[in-house]
Amino acid sequence: IIIDGVNQKLFINPDNKTLQTYKRLKDKQDKAQTSSLKKSQHTACPVTIDGQTVEVLANISYSSDVCQVNDSGAQGVGLYRTEMALLSSKSQFTTHKWASIFKEVAQKLAQSPLVIRTADIKQDKNIKDLDEAEKKKIISEQISAALTLDQKSKLDIEVMIPSVKSADELKQYQ
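Residues numbered from 1 in each chain as written. Predicted model: local features only at pLDDT ≥ 70, side-chain atom pairs only at ≥ 80, totals over all residues. Heavy atoms only, no water.

Visitor: Outline the overall build of the chain, supporting the account with residue identities and numerical values.
Guide: Secondary structure assignment for the chain yields 6 helices and 6 strands. Beginning at the N terminus, the succession of helices and strands in the chain can be written as β-β-α-β-α-β-α-α-β-α-β-α. Each of the 174 residues in the chain was classed as buried or not, and the buried ones make up 32%. Approximately 11900 Å² of the chain is accessible, and the part contributed by carbon and sulfur atoms is 52%. (Helix = DSSP H or I, 4+ residues; strand = E, 2+ residues; numbered from the N terminus. Buried < 20%, exposed > 50% of the residue type's maximum accessible area, 1.4 Å probe, protein only. Areas by Shrake-Rupley, 256 points an atom, 1.4 Å probe, with all protein chains shown as cover.)

Visitor: Could you give an account of the packing of aromatic side chains, with specific residues and numbers?
Guide: Applying the stated rule across the entire model yields 4 aromatic pairs. When the centroid spacing of 4.3 Å and the interplanar angle of 20 degrees are considered together, the rings of Phe93 and Trp98 count as stacked. With respect to class, Phe93 is no different from Trp98; both count as buried. One aromatic cluster is present, formed by Tyr80, Phe93, Trp98 and Phe102 through successive ring pairs. Positioned above the aromatic ring of Phe93 is the side chain of Lys97, whose terminal nitrogen or guanidinium carbon lies 4.3 Å from the ring centre. (Phe/Tyr/Trp six-rings, centres within 6.5 Å; stacked < 30°, edge-to-face > 60°. Lys NZ or Arg CZ within 6 Å of the ring centre and 35° of its normal.)

Visitor: How would you sum up the packing of helix H4 (residues 95-108) against helix H5 (residues 132-152)? Please name residues and give values.
Guide: The contact between H4 and H5 brings their axes to 8 Å, and the two run at 50 degrees. Comparing their axes, H5 and H4 come out oblique. Relative to H5, H4 is oriented so that their crossing is right-handed. Between H4, through Thr95, Trp98, Ala99, Phe102 and Lys103, and H5, the contact on the second element is made entirely by Ile138, Glu141, Gln142, Ser144, Ala145, Ala146 and Leu149. Considering only residue class, the contact of H4 with H5 consists of 7 nonpolar, 3 polar and 2 charged. (Axes fitted to C-alpha atoms, helices over the stretch in contact; angles between N-to-C directions. Parallel < 35°, antiparallel > 145°, perpendicular 65-115°, else oblique. Left-handed = near helix turned anticlockwise from the far one by under 90°. Contact = heavy atoms within 4.5 Å. Nonpolar A, V, L, I, M, F, W, Y, C, P; charged D, E, K, R; others polar.)

Visitor: Account for unusual backbone geometry, naming residues and giving values.
Guide: Even without being a glycine, Gln8 presents a positive backbone phi close to 55 degrees. Turning to its location among the elements, Gln8 is positioned in the loop between strand S1 (2-4) and strand S2 (9-11). Residue classification places Gln8 among the exposed positions, given a relative accessible area of 76%. The phi torsion at Ala110 lies on the positive side, around 60 degrees, for a residue other than glycine. Mapped onto the elements, Ala110 comes out in the loop between H4 and strand S5 (114-117).

Visitor: Run through the environment of Gln111, naming residues and quoting values.
Guide: Here Gln111 is to be found in the loop between H4 and S5. As a C-alpha pair, Gln111 and Gly76 span 35 residues in sequence and 8.6 Å in three-dimensional space. Not counting chain neighbours up to four residues away, the residues in contact with Gln111 comprise Lys154 and Asp156.

Visitor: Describe in detail a nonpolar patch on the surface, supporting the description with residues and values.
Guide: A contiguous nonpolar patch, built from Ile1, Ile3, Leu10 and Ile12 and spanning about 500 Å² of accessible area, is present on the exposed surface. Inspection of the secondary structure puts Ile1 in the segment before S1. (Patch = residues over 30% accessible without salt bridge, like charges linked within 9 Å, V, L, I, M, F, W, Y side chains within 5 Å. Salt bridge = Lys/Arg side-chain N within 4 Å of Asp/Glu carboxyl O.)

Dropping the structure here:
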């Protein structure tokens, strides 16, 4: 059964040609509705009842997640969990490799913010057996890559270092 409310038609046993015609019409309407919804998601900024605009940033675990961020209407990335790259990689990371990954993500975000959290390498994380010197080296390379990229580009990049308890602890990454 096909009910066409716009043209006030009812088809009880439609033939194949009529079925195909209405299927194409429905697909076209669905596509237009989806496109309209995506446009409204991207242009509508969340606003509180009292009129305050709210910036919505997404959390990602992999560089490939950026496409979903852009499709969701989020205004950027508030937390990029870099330890996931370490977990999934079989090769060593260098400052250059981190910079390449960060640049790819930031460019896909255009001028939207990207907050890079340096690898959260704690005992509860199952990241290779790394000694303290290796952990510090990874985090220092990530910081160096992010700061260098931020200085050399017009991309909006920030760095977050997890679990820092003191200024002295922070100084060890200089």
